[in-house]
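Listed below, chain by chain, are the residues.
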Amino acid sequence: MDSEADEIVRQIADIILSNKQKLESGLYMGKTGIAIFLMYLWRILGNNYYYDSASELVEAEFDYLTYQSHRIIWEPTKVDLSVSEGCAGIMLGINFLTNKEWIKCPWEEVAIALDPAIFGAMLSNLHPSQLNEFKALSFAQYALIRHTRFAREYIDRFMREWGQGSTIGDLKEEISRHSMSAAQTLYRISDYFISSSLSPCKWFTSYNGLYKLNYGVMGGLAGIGLSLIRKEDGYDDDWQECFFV
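Residues numbered from 1 in each chain as written. Predicted model: local features only at pLDDT ≥ 70, side-chain atom pairs only at ≥ 80, totals over all residues. Heavy atoms only, no water.

Take the overall build of the protein chain next. Looking only at helices and strands, the protein chain features 10 helices and zero strands. The secondary structure elements of the protein chain, listed N-terminal to C-terminal, are α-α-α-α-α-α-α-α-α-α. Buried residues in the protein chain amount to 51% of all 245 residues. Across the protein chain, every contact between residues at least 6 apart in sequence was considered, and the portion connecting residues at least 24 apart equals 70%. Counting only carbon and sulfur atoms, one obtains 49% of the accessible surface of the protein chain, whose full area is about 11900 Å². (Helix = DSSP H or I, 4+ residues; strand = E, 2+ residues; numbered from the N terminus. Buried < 20%, exposed > 50% of the residue type's maximum accessible area, 1.4 Å probe, protein only. Contact = heavy atoms within 4.5 Å. Areas by Shrake-Rupley, 256 points an atom, 1.4 Å probe, with all protein chains shown as cover.)

Shown next, in the form of structure tokens:
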């Protein structure tokens, strides 16, 4: 990474980490996506500070999941299950990091309690009375990482309702298409920011107090950092499999 890009991603990380108390849970705008950015930064720069910071965010997200896995029993309508900001997305992100063998986290222990509600939402969004294929597919993205008999039963039911004659391969291809679309959206926003020659610090100073600053990976500071890492170092795009737009 050249010196200019190196300086920008370090500034981004510093801004995010100096405002940790403002970070919310979630994959797109919250701690999980930011942890992915920090882990890539650790891999590129070799600075354990970023690894420790990312691990701390993942630990906080796991605590959040644990709480939600209990809350789903007495306040099911108040638990955000979504991929973008809720439990499904957090587990997608943590699963990605554990598959990379960058962290260890027993997220599947709490997933067991959340799976019925997530899989139920997956099917309900295919129902004609509240059809939302977009949401249904985003939940299916999560279901595909759950290698349990219960998950397979729901995937089978989903396939029967989603499309006549469709296969698991068709489903994965459709999800991959949406994930690529999400990544391209992120890249376009980030490229626009980078081409504007604004430093993250100036952007932060200009907008802090006027708008809610987006620290996250979807069009926010962490997303700009990820795009720079990709652009400068050609780092793998595996992380985009977490996203759905």
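Residue position: D6 is located in helix α1 (residues 3-17). Polar contacts involving the side chain of D6 include one to the side chain of R10, which spans 2.5 Å. (Polar contact = N/O pair within 3.5 Å; in protein donor to acceptor, adjacent residues only side chain to side chain.)

Its identity as a non-glycine residue notwithstanding, E101 has a phi of 65°, on the positive side. If you trace the backbone, E101 turns up in the loop between α4 (87-99) and α5 (107-124). The class of E101 is exposed, set by a relative accessible area of 71%.

Over its 18 residues, α5 runs 25 Å from end to end, which matches the ideal 26 Å to within 8%, given 1.5 Å per residue. When the local axis directions of α5 are compared, the greatest deviation, roughly 55°, occurs at L114, which is followed within four positions by the proline P116. Of all the positions in α5, only W107, V110, A111, L114, D115, I118, F119, A121, M122 and L123 are classed as buried. (Expected span 1.5 Å × (residues − 1). Bend = angle between axes of the 7 residues up to and from the residue.)

Let us now look at a nonpolar patch on the surface. On the surface, Y67, I73 and W74 cluster together to form a nonpolar patch covering roughly 390 Å² of accessible area. Topologically, W74 is positioned in helix α3 (residues 48-74). Among the residues examined, W74 registers a relative accessible area of 52% and is labelled exposed. (Patch = residues over 30% accessible without salt bridge, like charges linked within 9 Å, V, L, I, M, F, W, Y side chains within 5 Å. Salt bridge = Lys/Arg side-chain N within 4 Å of Asp/Glu carboxyl O.)

This part covers the confidence of the model for the protein chain. Here the protein chain averages 85 in pLDDT, and 85% of its residues register 70 or above. Here helix α9 (residues 200-207) stands out as the least confident element of the protein chain, with mean pLDDT 56; α3 is the most confident, with 96. (pLDDT = per-residue confidence, 0-100.)

Between the first and last C-alpha of α1 there are 21 Å, a value that for 15 residues agrees with the 21 Å anticipated at 1.5 Å per step. Listed in full, the buried residues belonging to α1 are A5, D6, I8, V9, Q11, I12, A13, I15, I16 and L17.

To continue, consider the pattern of salt bridges. With the rule as written, the count across this model stands at eight salt bridges. For E56, the salt bridge is made with K20, and the minimal N-O distance between the two is 3.2 Å. Highlighted residues: E56 in helix α3 and K20 in the loop between α1 and α2 (31-45), separated in sequence by 36 residues. The exposure class assigned to E56 is partly exposed, which follows from its relative accessible area of 44%. Among the charged side chains, a network of salt bridges with common partners joins R71, E75 and K78.

Across the interface, helix α6 (residues 133-143) lies against helix α7 (residues 149-162) with an axial gap of 11 Å and an inter-helix angle of 150°. In terms of their interaxial angle, α6 and α7 are classed as roughly antiparallel. In the packing of α6 onto α7, the handedness of the crossing is left-handed. Between α6 and α7, the residues in contact are E133, A136, L137, A140 and A143 and A151, I155, F158 and W162, respectively. Taken together, the residues that form the contact of α6 with α7 break down as eight nonpolar, no polar and one charged. (Axes fitted to C-alpha atoms, helices over the stretch in contact; angles between N-to-C directions. Parallel < 35°, antiparallel > 145°, perpendicular 65-115°, else oblique. Left-handed = near helix turned anticlockwise from the far one by under 90°. Nonpolar A, V, L, I, M, F, W, Y, C, P; charged D, E, K, R; others polar.)

Enumeration according to the criterion identifies 11 aromatic pairs in this entry. On the basis of an interplanar angle of 40° and a centroid distance of 6.1 Å, the ring pair of F119 and Y142 is categorised as tilted. Taken as a pair, F119 in helix α5 and Y142 in helix α6 lie far apart in primary sequence, 23 residues in all. In this pair, the class of F119 matches that of Y142, namely buried. (Phe/Tyr/Trp six-rings, centres within 6.5 Å; stacked < 30°, edge-to-face > 60°.)

Let us look at the environment of I73. With respect to the helices and strands, the residue I73 is situated in helix α3. According to the relative accessible area criterion, I73 is exposed, its value standing at 67%. In the structure, I73 is positioned 41 residues away from L114 in sequence and 9.5 Å away in space, judged by C-alpha atoms.

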